[in-house]
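# Examining the three-dimensional arrangement
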Protein chains: 6
Amino acid sequence: MWNKNIETYFGLPFDFAEAQIVVFGAPFDGTTSFRPGTRFAGATMRKESYGLENYSPYQDRDLSDCPFFDAGELDLPFGSPSRVLSLIEEQTEAILDARKLPLMVGGEHLVTLGAVRAVHRRYPDLAIVHFDAHADLREEYLGERLSHASVLRRCHDLVGDGKIHQFGIRSGDREEFLWAPGHVSMHRFSFDGLFETLAALGDTPVYFTLDLDVLDPSVFPGTGTPEAGGVTFMELLTAVLAVCKNHVVGCDLNELSPHYDQSGASTAVALKVLREMLIALSR
Amino acid sequence: MWNKNIETYFGLPFDFAEAQIVVFGAPFDGTTSFRPGTRFAGATMRKESYGLENYSPYQDRDLSDCPFFDAGELDLPFGSPSRVLSLIEEQTEAILDARKLPLMVGGEHLVTLGAVRAVHRRYPDLAIVHFDAHADLREEYLGERLSHASVLRRCHDLVGDGKIHQFGIRSGDREEFLWAPGHVSMHRFSFDGLFETLAALGDTPVYFTLDLDVLDPSVFPGTGTPEAGGVTFMELLTAVLAVCKNHVVGCDLNELSPHYDQSGASTAVALKVLREMLIALSR
Amino acid sequence: MWNKNIETYFGLPFDFAEAQIVVFGAPFDGTTSFRPGTRFAGATMRKESYGLENYSPYQDRDLSDCPFFDAGELDLPFGSPSRVLSLIEEQTEAILDARKLPLMVGGEHLVTLGAVRAVHRRYPDLAIVHFDAHADLREEYLGERLSHASVLRRCHDLVGDGKIHQFGIRSGDREEFLWAPGHVSMHRFSFDGLFETLAALGDTPVYFTLDLDVLDPSVFPGTGTPEAGGVTFMELLTAVLAVCKNHVVGCDLNELSPHYDQSGASTAVALKVLREMLIALSR
Amino acid sequence: MWNKNIETYFGLPFDFAEAQIVVFGAPFDGTTSFRPGTRFAGATMRKESYGLENYSPYQDRDLSDCPFFDAGELDLPFGSPSRVLSLIEEQTEAILDARKLPLMVGGEHLVTLGAVRAVHRRYPDLAIVHFDAHADLREEYLGERLSHASVLRRCHDLVGDGKIHQFGIRSGDREEFLWAPGHVSMHRFSFDGLFETLAALGDTPVYFTLDLDVLDPSVFPGTGTPEAGGVTFMELLTAVLAVCKNHVVGCDLNELSPHYDQSGASTAVALKVLREMLIALSR
Amino acid sequence: MWNKNIETYFGLPFDFAEAQIVVFGAPFDGTTSFRPGTRFAGATMRKESYGLENYSPYQDRDLSDCPFFDAGELDLPFGSPSRVLSLIEEQTEAILDARKLPLMVGGEHLVTLGAVRAVHRRYPDLAIVHFDAHADLREEYLGERLSHASVLRRCHDLVGDGKIHQFGIRSGDREEFLWAPGHVSMHRFSFDGLFETLAALGDTPVYFTLDLDVLDPSVFPGTGTPEAGGVTFMELLTAVLAVCKNHVVGCDLNELSPHYDQSGASTAVALKVLREMLIALSR
Amino acid sequence: MWNKNIETYFGLPFDFAEAQIVVFGAPFDGTTSFRPGTRFAGATMRKESYGLENYSPYQDRDLSDCPFFDAGELDLPFGSPSRVLSLIEEQTEAILDARKLPLMVGGEHLVTLGAVRAVHRRYPDLAIVHFDAHADLREEYLGERLSHASVLRRCHDLVGDGKIHQFGIRSGDREEFLWAPGHVSMHRFSFDGLFETLAALGDTPVYFTLDLDVLDPSVFPGTGTPEAGGVTFMELLTAVLAVCKNHVVGCDLNELSPHYDQSGASTAVALKVLREMLIALSR
């Protein structure tokens, strides 16, 4: 009766041992230049997750049959992005060591770099599938090489040409759009070409990074840099379920900023995507 | 000059005698488990209704030609759902006794049960057309049988198998989805099948209950449990106008929660639906 | 490393065995007639408590030296106040059985009745010290005897005349103010008379119920029924510390409504009061 | 049973004939240069007034014994301040013709001019008692002579030197402060001198205009131009009750702007002042 | 180093001489009957414009190659719509005199009339392309002929029959819809017929006025009168780019109301439309 | 007529040459651990400053007679506190080189360190007067030595024992309160002792750093870490004017967080303090 107060996503009480997936939060927004606040995403999502059903009518499966472990939020310092990335890398490595799938909830998009470092070390032929409104391919941003706006460029430093597949991109500076061809496979505005890409990837290990601002701001206003002209929820859901059928070895979703989500609808969208990913990635 | 301060929907001054329809509010959200606030829907809608035009370009008719009476908000106690339902039942019965059509504005969805009880007594072969994101078919919820999450199940207790026709459903627990076949006619995700259903209903008396969260949260964020993947406004409008051509003998719309509607756009949507229903249901 | 995600007030990890005080949440606002939302108080306070220092310069003591146990939020049904009160009574009784001090965080003020029932059974000569803007002495409210507006009247049913000492009262209907003399000791507007009352109580066991709206709304706007003309924070702090020197055998604080606390300042006030109470009540 | 939906302040159903006071709203903010929104004050106050008690522990009287009539909100055009003032003047005159006391709820402060015109015609020796943070004595503002910032100057055009008594003033341009001596009696920062002023006024008919931003913004943040360093609620209440003992022949309160009152505490303050004024002005 | 603090749209430092387009703000909402606030649109957009990229992937051009001059916000009085329109007319005329293209950012829609007056004087055969949810064709509104609700009717007074082409209209009173045929070319609900209209216009000089509430409120909730059933962002973008290929000699966008845009997504949409217009109108 | 859009505090157009004081913004909140947002303070204050009068009735002087130069907001990178501090140090040094007084508007409190470094180099016997709710004396915070929570400790590293005079302190961890005696002069809770301190300082050059959260949250809710029990506005104003009579050679005010200031009252308070400082520091 007198257990300490435990709070887990969707109120589900799985133990570490039985879990296939480990969810953890990376509450960092220290390089966010415009409007901070993604640091609050994980805690807000966990608290609101009690309001969502566990059953998915889309997949006709129940989350209570899909054991995952909620490791809570990492304790990250502000003021030092490189230390933050190291802490994320360590956490991801520990999850991989336990032969489980890491699913990180950001935070700003830079956090992806920490996870990709750990995953890439284990899977040197790693491909990255990237859903986003923004290309995030800058060489540097405001003088910093470790920035949310350059995170995929830093990932490219690791994985090299032809390994990054972007979808939904509709914003960036001119240099990013000029640099992309030959280095990354950028699909603008929509998910056109996704199924062909996934088929071509075959058994290649995939890191899947989902910046939720790929959604149209009508569906997902609660983010730091809303960018009109995005995809609908059903388009995203279809695309996410497709990716999860490939050989996903690490993944994240990021860029929910609860301050800009007065209605709570963006948080609810993020949670629904998380639920569908957890179910789809459980075998 | 010195009349008391009268406030009616759309500022329209119809008398009871001339009205075909009676609108009343049921400001109750006492079983709302997640985020309360629908109790404020009716008063907020009435206040904001002065900002909406009376003319409908969709039906090319003007609300000022469609006499309805605004009976204001019921005075409902909190803490006793069964007393609340009795008061709604009485009000509905009085409207039916006056040979007028009751149109209730919730409040949480549980209020529908009170109105259905009165309407069903008068129309024993009553069918129910139900638009919603949620199935609301639980046998009980948190130990209570009278709950927003079980309201259609309670209606089923009254009307029996094959009488309830659900559209747009995309959320519920597994048991609800398993129970539905054989008991209710559940159409998931969209209005597919609506026209066939309406044609088959023919002259059967219909109670029409519209949970506005059937809309996508991009269109209608101002609700307690936003559920992504819903219908568009034009899809809803088309469906509502179709239902109103059948033999509707009672109806409601519910689940607007003004606290989560910072922009007022959800309230405006609810009012536009109300206007179109009032026009469509006037003969 | 792979412990489940534990969240406790102020992030303090005390075990049940070592604790002198047990804090628990009663997230209920089902009889709130005006503006609901106190159900969110406990979860919001716990989440925000990480931003407050553990050290009190007022008492020159640190909360980390004052072992308390955080039992989380009770799981309360909506729609049935009497069941809610029974669950609170059970929880309070279990804490008393373990020879610890119950400190409940509401929720609306009605929750106090559940705790007082349990405490009064153990301490039949119980006195109640009550800080509030509202008298809460109605015989019934909107036809209900179990209501936030009648909670102290229900407590009076238990403890009898001369046992309830109210301070800061500045709102109520005429009947409450007429009834009070001879039944309760009502001190209007301020804490005048508190020190004399506490001295007179001597070793009498005291239940201390603190409705935070006794504070002026400038200090504590985040509540359902803000009532101008209240006390300052320093007046309240002085009064709270004085009460805590008496023989307190149960206590609560209630009526924070986070929805109306856009700045977070009301939540911070509630947490600071909680910290000071926890320190002052630790021996 | 089928009366139209009537909404009156505090839900009190007095008839015009029995009323001593007539309350009406002047929802105009058309010259507000900084942050508009006071047009919403009256409707918001009326709606929220159901949450306030009718009994005043300060005066030990109940509003239900103080018959007043709520004439609702005037229907005012935007874009033409002079037409707005004429409509207010007419309404005030009609109330005076019926031998009742006009109590207007603004709106921006300019609305006072319309009421003062009517009252001054009937009481040529009218004095004005003015509580405000701002002097409102500009000859013109942004090229307009009819402006919230020049309303007391326009009143001075009517009543002449030595008739206007200002209290709490702590903002204005240099010219206003230079002009005041010899023309109006300006008391800066506080109510110092109020009792002497009221005594000296004796039986002189008084128009009492209360700009609620005389309160400190901690107490009353919900206004277009918050000005730190104001009075407390108890200081204001004491001053208001004192003025109401004089020969008040017309009055208003104004400048609540609900958009800037997220917590509702400012609206509650305005209502409490209104209740106390209604009781104090009832004989 | 010690230049004064300059703030321009998108932070771009073009000089007047090199500019082809001059952007200026018309921060007026003085006839807004329902919910004011569009006066804040220009200042808010300018401040937030630093968060948007200069590069358009839709047109594959960069705003930094499209010299425009930001003339800031006009200093407009409140309380006198006719003076406001004169000031806008003067500003527009000065821009035309300098042989540059005026692009005005409202404000409420009435501001369009000032600009159209100046443009029409120079181009007597002017046609107007009008995107809006509302017809704005009233002869008068609340007794005023100069109103946001009658602005296109006033434009019609200038340009005459057959010159105004409306798209997306879905709201108005019955009289507007009855009056339109024979006077203006009204396309309801969508952009159907736009390409034919633009082709037929050929080299005719066009004033393009874009009321952003033509967008569906899901995309653009931040406006005073949200009207469900509007166009998507991509539909609008396509239509805007099409219009900009015609002979546009003056233009505006209006009716953003930042108060109702808690997430900032509406402001971001307005800025994206502005960016695309600036690029498309640069030759 | 065609000057670029200039925005300066209070709309005052002073040139650099004539200015005695240079105001600049330091929009950085990169080490804020709890609730970020102070980066928006300067831009928000500048925009809202148009709503405040230039005349001070407290000092009977007008800001238009007190030439200051507004250098706008520094362009600061996120993710590197040490680079941020260097940029602030350079700016401060340039102002001192021009023989003007630097007045910085934060941002989080860490920015003070950059300014103090520059000022201390020029005035080696510098004393610091510090108003704050928080001691900010930690040796490090979350592993970082450059943090808002350790900024006065870093200043102590520069100026040494006995040079820092703190007032209003009511929060910190135990170690800070234990360390303070012998190193800094800490005055808890209030301004008691301020006049003696200022007298004792005599002609000593003073850096004055004002964390606005020294105010009670009722007066100043718009800050990241509201701490109940603070000073009133009039107490602060009196204290600020007293300090400004000493030999102030550099100063700042900081920690306004506009996101938590829904009413705008906190921004208005910050601006009023800024106005009074600018006037008081002008000779």
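Let me begin by describing the structure that accompanies this report.

What counts, and at which threshold
Residues numbered from 1 in each chain as written. Chains lettered and ligands numbered in written order. Predicted model: local features only at pLDDT ≥ 70, side-chain atom pairs only at ≥ 80, totals over all residues. Heavy atoms only, no water. Contact = heavy atoms within 4.5 Å. Buried area = accessible area lost by both parts, 1.4 Å probe. Salt bridge = Lys/Arg side-chain N within 4 Å of Asp/Glu carboxyl O. Polar contact = N/O pair within 3.5 Å; in protein donor to acceptor, adjacent residues only side chain to side chain. Helix = DSSP H or I, 4+ residues; strand = E, 2+ residues; numbered from the N terminus. Least-squares fit on C-alpha atoms with pLDDT ≥ 70 in both. Pairing = 2+ DSSP bridges. Axes fitted to C-alpha atoms, helices over the stretch in contact; angles between N-to-C directions. Nonpolar A, V, L, I, M, F, W, Y, C, P; charged D, E, K, R; others polar. Buried < 20%, exposed > 50% of the residue type's maximum accessible area, 1.4 Å probe, protein only.

Each partner contributes residues to the interface: chain A has 24 residues there, and chain C has 24 residues. For the pair chain A and chain C, the two sides together bury roughly 2,000 Å², of which 65% comes from carbon and sulfur. Its largest share of buried area at the contact with chain C, chain A owes to Trp2, Lys4 and Asn5 of chain A, together 40% of the area lost on that side. Summed over the shared surface of chain A and chain C, the number is 2 salt bridges. Linking Asp15 of chain C and Lys4 of chain A is a salt bridge whose minimum nitrogen-to-oxygen distance equals 3.1 Å. Across the chain A-chain C interface, the total number found is 8 residue pairs in polar contact (both at pLDDT 80 or more). Where the side of chain A that touches chain C is concerned, the elements lending two or more residues are helix 1 (41–48), strand 4 (68–73) and helix 2 (81–97) of chain A.

This brings us to the relation of the copies chain A and chain C. When chain A is fitted to chain C, the best match, at an RMSD of 0.0 Å, comes from turning it 180° and sliding it 0.0 Å along the axis. The transformation relating the two chain copies, once decomposed into turn and shift, fits a two-fold axis. Every residue of chain A has its C-alpha some distance from the rotation axis, and the shortest such distance is that of Ile6 of chain A, at 2.2 Å.

A few words on the relation of the copies chain D and chain F. One copy of the chain maps onto the other through a rotation about an axis plus a displacement along that axis. Superposing chain D onto chain F requires a rotation of 120° together with a translation of 0.0 Å along the rotation axis, leaving an RMSD of 0.0 Å. Those values place the two copies in the arrangement expected of a three-fold rotation axis. Residue Ser218 of chain D of chain D places its C-alpha closer to the rotation axis than any other residue of that unit, at 2.9 Å.

Here Thr8 of chain D is to be found in the segment before strand 1 (21–26). Within the structure, Thr8 of chain D has its side chain in polar contact with the backbone oxygen of Leu12 of chain D (distance 3.0 Å).

All names here are of chain D. Taken in spatial order, the 8 strands line up as 4-1-5-10-9-6-7-8 in an open sheet, and their pairing is parallel. On the outer flanks of this sheet lie strand 4 (68–73) and strand 8 (185–188), each paired with one strand and no other. Each strand axis lies, on average, 15° off the axis of its neighbour in the sheet, ignoring direction. Direction of pairing for strand 6 (residues 127–131) relative to strand 9 (residues 206–211): parallel, over a ladder of 5 bridges. Opposite Val129, over in strand 9, you have Phe208 as the bridge partner. Strand contacts of helix 1 (residues 41–48): strand 4, strand 5 (101–106) and strand 10 (248–254), with the helix running at about 130° to strand 4, the strand carrying the most contacts.

Let us now look at the interface of chain D and chain F. Contacts between the two partners involve 23 residues from chain D and, on the opposite side, 21 residues from chain F. In total, chain D and chain F occlude about 1,800 Å² of area from one another, counting both sides; carbon and sulfur atoms represent 55% of this. Of all residues in chain D, Phe34, Arg174 and Ala228 of chain D bury the most surface against chain F, accounting for 29% of the area lost on that side. At the boundary of chain D and chain F, one finds 4 salt bridges. Close ionic contact of Asp65 of chain F with Arg174 of chain D constitutes a salt bridge, the shortest N to O distance being 2.8 Å. In this assembly, chain D and chain F are joined by 8 residue pairs in polar contact (both at pLDDT 80 or more). Residue composition of the side of chain D that touches chain F, by class: 8 nonpolar, 7 polar and 8 charged.

Here the focus is helix 1 (residues 41–48) of chain C. Regarding helix 1 of chain C, the residues found buried are Ala41, Gly42, Thr44, Met45 and Arg46 of chain C. Contacts made by the buried residues of helix 1 of chain C are with helix 1 of chain A together with strand 4 (68–73), strand 5 (101–106), strand 10 (248–254) and helix 8 (265–281) of chain C.

Within this structure, the stated rule accounts for 120 salt bridges over all chains. With a shortest N-O distance of 3.2 Å, Glu73 of chain C and Arg46 of chain C are connected by a salt bridge. Residue Glu73 of chain C is found in strand 4, and its partner Arg46 of chain C is found in helix 1; the two are separated by 27 residues along the sequence. A salt bridge links Glu144 of chain E to Arg83 of chain D; its shortest N-O distance comes to 2.7 Å. A residue pair is termed interchain when its members come from two chains, as with Glu144 of chain E in the loop between strand 6 (127–131) and helix 4 (151–159) and Arg83 of chain D in helix 2 (residues 81–97). We classify Glu144 of chain E as buried; its relative accessible area is 15%. Overall, Arg83 of chain D belongs to the partly exposed group, its relative accessible area being 34%.

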